[in-house]
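# Observations on chain architecture
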Amino acid sequence: MAKEQSGSPKARQPVFQRMRVTLTIGVIGLCVASYILGAWQGTSTTSIHPSIIYTKSQCGESILRTSSNSSGRSSSDARLDFQAHHQVSFNESSLVAEKFPPCQLKYSEYTPCQDPRRARKFPKTMMQYRERHCPRKEELFRCLIPAPPNYKNPFKWPQCRDFAWYDNIPHRELSIEKAVQNWIQVEGKRFRFPGGGTMFPHGADAYIDDINALISLTDGNIRTALDTGCGVASWGAYLIKRNIITMSFAPRDSHEAQVQFALERGVPAMIGVISTERIPYPARSFDMAHCSRCLIPWNKFDGIYLIEVDRVLRPGGYWILSGPPIHWKKYFKGWERTEEDLKQEQDEIEDLAKRLCWKKVVEKDDLAIWQKPINHIECVNSRKIYETPQICKSNDVDSAWYKKMETCISPLPDVNSEDEVAGGALEKWPKRAFAVPPRISRGSVSGLTTEIFQEDNKVWAERVDYYKKLIPPLTKGRYRNVMDMNAGMGGFAAALMKYPLWVMNVVPSGSAHDTLGIIYERGFIGTYQDWCEAFSTYPRTYDFIHADKIFSFYQDRCDVTYILLEMDRILRPEGTVIFRDTVEVLVKIQSITEGMRWKSQIMDHESGPFNAEKILVAVKTYWTGQPTQKQ
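Rules used in this analysis
- Residues numbered from 1 in each chain as written.
- Predicted model: local features only at pLDDT ≥ 70, side-chain atom pairs only at ≥ 80, totals over all residues.
- Heavy atoms only, no water.
- UniProt positions renumbered as here; feature names shortened; annotations may be inferred.
- Pairing = 2+ DSSP bridges.
- Helix = DSSP H or I, 4+ residues; strand = E, 2+ residues; numbered from the N terminus.
- Axes fitted to C-alpha atoms, helices over the stretch in contact; angles between N-to-C directions.
- Contact = heavy atoms within 4.5 Å.
- Buried < 20%, exposed > 50% of the residue type's maximum accessible area, 1.4 Å probe, protein only.
- Disulfide = S-S within 2.5 Å.
- Phe/Tyr/Trp six-rings, centres within 6.5 Å; stacked < 30°, edge-to-face > 60°.
- Lys NZ or Arg CZ within 6 Å of the ring centre and 35° of its normal.
- Right-handed = clockwise from strand over helix to strand, strands pointing away.
- Expected span 1.5 Å × (residues − 1).
- Salt bridge = Lys/Arg side-chain N within 4 Å of Asp/Glu carboxyl O.

As annotated in an unreviewed UniProt entry, the protein chain is Methyltransferase from Oryza glumipatula. Of the comments in the UniProt record for the protein chain, the one headed Sequence similarities (unreviewed entry) reads "Belongs to the methyltransferase superfamily."

## Digging into the sheet that holds strand 7 (residues 245–250)
What the seven strands build is an open sheet, ordered 8-7-6-9-10-12-11; its pairing is mixed. At either end of the open sheet lies a strand with only one pairing partner, and these are strand 8 (269–271) and strand 11 (359–364). Shown here is a sheet whose adjacent strand axes are inclined to one another by a mean of 20°, direction ignored. Pairing geometry for strand 11 and strand 12 (residues 367–371), over five bridges, is antiparallel. In the strand pairing of strand 12, Val362 is matched with Ile369. Here helix 8 (residues 304–312) sits on the sheet and contacts strand 6 (224–228), strand 9 (286–292) and strand 10 (313–322); the angle it forms with strand 10, its principal contact strand, is near 140°. In the packing of helix 10 (residues 339–355) onto the sheet, the strands contacted are strand 10, strand 11 and strand 12, and the crossing angle to strand 11 comes to about 150°.

## Overview of unusual backbone geometry
Cis geometry is found at the peptide bond from Trp157 to Pro158, where omega equals 5°. Relative to the elements of secondary structure, Pro158 occurs in the loop between helix 3 (116–119) and strand 3 (163–165). Omega for the peptide link from Pro324 to Pro325 comes to 5°, which places this bond in the cis form. In this fold, Pro325 is placed in the loop between strand 10 and helix 9 (328–331). Here the phi dihedral of Arg293 falls at roughly 45°; this positive angle occurs in a residue that is not glycine. Its location among the elements puts Arg293 in the loop between strand 9 and helix 8. Positive phi outside glycine occurs at His327, with the angle close to 60°. Relative to the helices and strands, His327 resides in the loop between strand 10 and helix 9. Of the residues examined, His327 reaches a relative accessible area of 25% and is grouped as partly exposed.

## Focus: the state of the cysteines
Following the criterion strictly, the structure yields six disulfides and no others. Sulfur-sulfur distance for the disulfide between Cys103 and Cys143 comes to 2.0 Å. Sign of the S-S torsion, about 100° for the bond between Cys103 and Cys143, identifies this disulfide as right-handed. Taken together, the positions of Cys103 in the loop between strand 2 (62–66) and helix 3 and Cys143 in the loop between helix 3 and strand 3 put the pair 40 residues apart, joining distant regions of the chain. Cys143 sits in the buried class, given a relative accessible area of 18%. In this model, Cys357 is linked to Cys379 through a disulfide, with the two sulfur atoms separated by 2.0 Å. Here the disulfide of Cys357 and Cys379 is right-handed, its torsion about the S-S bond being about 80°. Remark: Cys379 occurs in helix 11 (residues 377–382) and Cys357 occurs in the loop between helix 10 and strand 11; sequence separation between them is 22 residues. Each disulfide of the protein chain joins two cysteines, and with those cysteines numbered along the sequence the arrangement is 1-4, 2-3, 5-6, 7-8, 9-10, 11-12.

## What to know about the packing of aromatic side chains
Under the defined criterion, the tally for this structure stands at 27 aromatic pairs. On the basis of an interplanar angle of 75° and a centroid distance of 4.8 Å, the ring pair of Tyr107 and Phe141 is categorised as edge-to-face. Residue Tyr107 is found in the loop between strand 2 and helix 3, and its partner Phe141 is found in the loop between helix 3 and strand 3; the two are separated by 34 residues along the sequence. Judged by its relative accessible area of 15%, Tyr107 falls in the buried class. Here the aromatic residues Tyr166, Phe191, Phe193 and Phe261 are joined through ring pairs into a cluster of three or more. One Lys or Arg, Arg142, reaches over the ring of Tyr562 and ends 5.0 Å from the middle of that ring. Looking at Arg223, its charged tip hangs above the ring of Trp429, at a distance of 3.6 Å from the centre.

## With respect to the pairing of strand 10
Along any regular strand, the residues point their side chains to alternate faces of the sheet. The element strand 10 is extensively covered by neighbouring structure, given that 10 of its 10 residues are classed as buried. In terms of strand pairing, strand 9 meets strand 10 through six bridges, oriented parallel. The residue bridging Met288 from the neighbouring strand is Tyr318, located in strand 10. Each parallel crossover has a hand, and for strand 9 linked through helix 8 to strand 10 it is right-handed. Bridge count for strand 10 against strand 12 is five bridges, and the pairing is antiparallel. Across the sheet, the residue bridging to Trp319 is Trp370, located in strand 12.

## Some details on helix 10
Under the 1.5 Å per step criterion, the end-to-end length of helix 10 is 24 Å for 17 residues, consistent within 8% with the ideal 24 Å. Of the residues making up helix 10, those classed as buried are Leu342, Glu345, Gln346, Ile349, Leu352, Ala353 and Arg355. Residues of helix 10 that are buried in the fold lie against helix 8, strand 10, helix 9, strand 11 and strand 12. Taken from the residues just after helix 10, Cys357 is the one with a positive phi, measuring 75°.

## Structural notes on the pattern of salt bridges
Enumeration over the complete set of coordinates arrives at 40 salt bridges. Put simply, Asp209 and Arg242 hold a salt bridge, and the shortest N to O gap is 2.8 Å. Here the residue Asp209 occupies a position in helix 5 (residues 204–212), and Arg242 occupies one in the loop between helix 6 (234–239) and strand 7, the gap between them amounting to 33 residues. Owing to a relative accessible area of 15%, Arg242 belongs among the buried residues under this scheme. Close ionic contact of Lys343 with Asp347 constitutes a salt bridge, the shortest N to O distance being 2.9 Å. You can see Lys343 and its partner Asp347 sitting in helix 10, four residues apart, about one turn around the helix. Exposure remark for Lys343: the relative accessible area of 41% places this residue in the partly exposed category. Overlapping salt bridges, with partners in common, bring together Arg463, Asp548, Lys549, Arg580, Glu606 and Glu613 in one network.

This is the structure we're talking about:
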């Protein structure tokens, strides 16, 4: 039988079979490799560690920094394509990446809406010149506010309560002007804050103990406080250990940089003044208000200033006054005023408080304390006796953004009995933080329910847990002054309350829901703000900023580039920002911040890569102005 030739069909059949098997295996292997590579590139959390590292600052604390990979590209370049292919309208000056130069060094403490040079153009009557007067669009700076030469990271809490670096706020004026009162002292390269004040020469701690002997500050009923004319905010600084959080404010340049000193100390504060407009807080916000020689003429202008305090004071809240005219028989010579003048002032304050339906609780030594009624049943009846002030006819008591003050009493919510707290009683702190706020349980804020509130708390607990993985120093004391630019119901602040930080909860004016009253009912503090304007604070006063969908909200309202420049102004060098928004918006934000010397990276949503919302983590790099820079 003849042999089969090697080229015959039967001989080639096994070869083709082997080739088909090999080809099939190769195709399958290629598909598997492509899938693994794609999954690796699409999972941001697995690439966090190569691109974000933590180093030690000169003061010893961990600082979040970003670094580039060995190829010179940021790790975000190697990820999924986050470019905006389906463009949304975005109001900005230019789509081309812009490099922002540093401003002149003389603007290192620039406060746009409280610029003393602009203030001189406005009337001094009722301190109008010290109210907010923001620059016009053509006057806005398109440069980066520089830190002073030799700027250092502030001390960590609680050390920063007592110490600050001189190079960060190079002003000796208060150490000279207020030397006797022990506001501030210069010790080498540091400032020291002994806790003194004009009316508490033995220190704020002893002064607060005197108050506590008259009304309880430790039983959880008093949680939020307001300090008008705060100085360097020592009163608020020492209330913190008693679980009382204070909103301190004082006008720009009343004493040089006093609010800046307060924030450098890690104490809540804002630039502000009681003048002709409502202070930017809702009605029934504070459990306690305080004036220690704040030099506010409470008895003048038909009592409008004390009427404004009444608006923001909670039912049953306290007003504390020390300094002129209290205890005038002892101090009148030192105050360089006549006995008759001081007696008249106190009599007029006493009369005004009575017409506001306040009850005087006590006057002892340098302290006088009044209490607001828990409802207005008796107050309404007393209008038959007192002609002024009448109770306002409007119920628009929460509006406080560029809203003129009125010389009428803000009405309290109706009650059914004399012992019922108007608007609803609050839980003691700390239960207050997670109890359903009365504004929600009573349906005062349309569209918000108990179920929505409780779900919101769960969502923010999950989000903060995710943030802690992205930014481990968040809970380690690295950040003290935190701002939430779009605070909602305060869930972000509530999720962080056990850590050594405080949150300035900002509710943008014009929001769908006015939630700032809810935030105060939870025992947190905050303010109204239009982010098309500058915030009422000095540069470099916040360590961490949280921006949840704030740019989607403002993209059709103003040039968002200026919002980012404002964030850069108030953020400390090496401070951190978290943005939450759509990919399209975050990509645009990232392109602008690259020109601001920020380093950033887009991360997945906490629920995973398939959520359309993403997170942008950014870090402001360290740089300072040059002493030789032309002025």
